Amino acid sequence: LGDFSEAVRRWSIAAAAPETRWASASRLSIENTTYMLKLSDKLPSRPPLPVVGSGRFGAQVRAPTVSAPSAAEWRNRNRSVAAALVNHDENIVGAKLMLAAGRSRELVETYDSSTGLLGLSRGGKPGVCQLDVAVIVALALRAEGRREEADALLRSADAVIRATYRRGRVPTWFDDDAAGIWAAQGKSGEAIKALDRAFRRGWVHSARTDLATFAKEPAFRLLRGDPRFRQLQSRYDVHWARERRETAQILGVQS
C-alpha cells in the first residue's frame, strides 16, 4: 500500500537484531526501498529473486534495470522458454525501455519466435495475470504496422478485464493493468477511472516491473496530455515525496 516509511521502521527493528533469522532479509528490504525512494544510489546487495510463472503481486523489490538491454543481451535472455521465464521480470522492464527507445522490431521478432514475447505467442490470448504484458506486445505490434493483430490482442484483453470485474472484487494491480489496456485502446475516460480507483485503494505503482514513475509507462503514453492524468501524477508525486521524507527521518539520512 505504499507505506514505505512504516515498513522501513519495522525492518529496522528486525535488522538491529543480528541473531534472528530475519535480520539479513530485513537489511535487504531496507536497501531495496532506499534505492527505490532515491535515498541511496547503491544497488541492493542482492537482486530480487525471479518469480517463475504468471502470478502477479505487489512488492517494493523492483527489477533494477536502468537502461534497455543490448540486442545481444535481449536475445540471450530469450534464447529459450526457460530462459525467458527466469528473466521474466527483467524482460518486462527491458521491453518497456526498448519500446521507449524505438526498438519495437526486436520485440516483434521475439513475439514471432518459438519463445514468444513475455509469455505471449502469436495468436495467443492473454490471461488475467498477463494484461500488463499484453499491452506491451500490442504497442510493439502497432509500432511495426501490425495494427490489426494489436487491436485483436487488446480486444481479447478487454474481454478478460470485463469478465473479471463481473466476478467481484479484484486486487489493486488489476485496476492498473485494466487502465493500461483501456489507455492503449483510446478509452481514456475508463483508463483514468481505473487508475483513480487503484490510487484510492492504496496502489502507488511499486511492483517489481514498474518503471521509476507511472507516467513513464508506455501503456499510459496516450494519457500524458490529459489534465486528469496530470492530477493523478501530482497525487503520486506528493505521496512519494512524503514517504521519502519520512523514511529519511527514520533512517537518519539526508532526503
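Just above sits the structure.
Cut-offs used in this document
- Residues numbered from 1 in each chain as written.
- Predicted model: local features only at pLDDT ≥ 70, side-chain atom pairs only at ≥ 80, totals over all residues.
- Heavy atoms only, no water.
- Helix = DSSP H or I, 4+ residues; strand = E, 2+ residues; numbered from the N terminus.
- Rg over C-alpha atoms; globule rule 2.2 N^0.38 Å.
- Expected span 1.5 Å × (residues − 1).
- Buried < 20%, exposed > 50% of the residue type's maximum accessible area, 1.4 Å probe, protein only.
- Contact = heavy atoms within 4.5 Å.
- Patch = residues over 30% accessible without salt bridge, like charges linked within 9 Å, V, L, I, M, F, W, Y side chains within 5 Å.
- Areas by Shrake-Rupley, 256 points an atom, 1.4 Å probe, with all protein chains shown as cover.
- Salt bridge = Lys/Arg side-chain N within 4 Å of Asp/Glu carboxyl O.
- Lys, Arg positive; Asp, Glu negative; His and termini not counted.
- Charge placed at Lys NZ, Arg CZ, Asp CG, Glu CD.
- Polar contact = N/O pair within 3.5 Å; in protein donor to acceptor, adjacent residues only side chain to side chain.

J.: Which residues make up the overall build of the protein, and what are the values?
T.: What the protein contains, in helices and strands, is 11 helices and 0 strands. Helices and strands appear in the protein in the N-to-C order α-α-α-α-α-α-α-α-α-α-α. Its C-alpha atoms give the protein a radius of gyration of 19 Å, near enough to 18 Å, the size a compact globule of 255 residues would have. In terms of overall dimensions, the protein has C-alpha extents of about 55 × 40 × 35 Å along its principal axes.

J.: Got a sec to walk through helix H7 (residues 131-143)? Specific residues and values, please.
T.: Between its first and last C-alpha atoms H7 spans 19 Å; for 13 residues at 1.5 Å apiece the expected length is 18 Å, and the two agree. Where burial is concerned, most of H7 is hidden: 12 out of the 13 residues are buried. Taken as a whole, H7 has its buried residues at Leu131, Asp132, Val133, Ala134, Val135, Ile136, Val137, Ala138, Leu139, Ala140, Leu141 and Arg142. Those residues of H7 that are buried are in contact with helix H5 (88-100), helix H6 (104-112), helix H8 (147-167) and helix H9 (172-184).

J.: Describe a positive patch on the surface, naming the residues involved and giving the relevant values.
T.: A contiguous patch of positive charge on the surface is contributed by Lys38, Lys216, Arg221 and Arg224. Within the fold, Arg224 resides in the loop between helix H10 (188-200) and helix H11 (227-251). Exposure remark for Arg224: the relative accessible area of 35% places this residue in the partly exposed category.

J.: Account for the pattern of salt bridges, with residues named and values stated.
T.: Within the structure shown, the criterion is met by 21 salt bridges. Glu106 is the partner of Arg103 in a salt bridge, and the nearest nitrogen-oxygen pair spans 2.7 Å. Linking Asp196 and Arg235 is a salt bridge whose minimum nitrogen-to-oxygen distance equals 2.7 Å. Here the residue Asp196 occupies a position in helix H10, and Arg235 occupies one in helix H11, the gap between them amounting to 39 residues. We classify Arg235 as partly exposed; its relative accessible area is 37%. Several salt bridges share partner residues, and in doing so they unite Asp112, Arg122, Arg146 and Glu149 into one network.

J.: Please give an account of the side chain of Asp158 that cites residues and values.
T.: Relative to the elements of secondary structure, Asp158 occurs in helix H8. The exposure class assigned to Asp158 is buried, which follows from its relative accessible area of 9%. Only 2.8 Å separates the side chain of Asp158 from the side chain of Arg162, close enough to count as a polar contact.

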